[in-house]
Amino acid sequence: MDVYGWGEIEDVLRDVNIDIILLLHPLDIVPLTPEPEGIHHRRPEVDYAVDRTFLPEGYVMLDEVRLAYPARE
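Residues numbered from 1 in each chain as written. Predicted model: local features only at pLDDT ≥ 70, side-chain atom pairs only at ≥ 80, totals over all residues. Heavy atoms only, no water.

The next thing to look at is the overall build of the protein. Of regular secondary structure, the protein possesses one helix and zero strands. The buried share of the protein, taken over its 73 residues, is 8%. Taking contacts inside the protein between residues at least 6 apart in sequence as the whole, the part at least 24 apart equals 21%. Of the accessible surface of the protein, which amounts to about 7,700 Å², a share of 56% is contributed by carbon and sulfur atoms. (Helix = DSSP H or I, 4+ residues; strand = E, 2+ residues; numbered from the N terminus. Buried < 20%, exposed > 50% of the residue type's maximum accessible area, 1.4 Å probe, protein only. Contact = heavy atoms within 4.5 Å. Areas by Shrake-Rupley, 256 points an atom, 1.4 Å probe, with all protein chains shown as cover.)

To continue, consider the pattern of salt bridges. Enumeration over the complete set of coordinates arrives at three salt bridges. The residue Arg 43 makes a salt bridge to Asp 47 at a minimum N-O spacing of 3.6 Å. (Salt bridge = Lys/Arg side-chain N within 4 Å of Asp/Glu carboxyl O.)

The next subject is unusual backbone geometry. One non-glycine residue with positive phi stands out, namely Glu 45, at about 65°. Note that Glu 45 resides in the segment after α1 (9-12).

Within the secondary structure, Asp 51 is located in the segment after α1. With no salt bridge to any partner, buried Asp 51 finds its closest opposite charge in Arg 52, at an N-O distance of 8.4 Å. Residues contacting Asp 51, with those up to four places away along its chain left out, are Val 30, Pro 31 and Leu 32. (Lys, Arg positive; Asp, Glu negative; His and termini not counted.)

Shown next as structure tokens:
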């Protein structure tokens with residue numbers, strides 16, 4: 001909540017032509033080698049290698065993206 005924030009679902013779904021909704025799920029970060037101080041003391045993929053078999057695979061596809069700007073007066 002400190003990083004992404006939160007809101008009421010009614011506000012998000014009020015106009016689905018405007019909002020792009022992505023559900024973010026927690027990731028299971030598993031180092032390839034044991035981390036003596038734990039995984040939260042160093043940065044994954046920067047300070048230590050991550051076992052990618054625990055990470056989800058896939059991609060996001062959007063069918064259509066439209067941007068409409070109000071006319072200037």
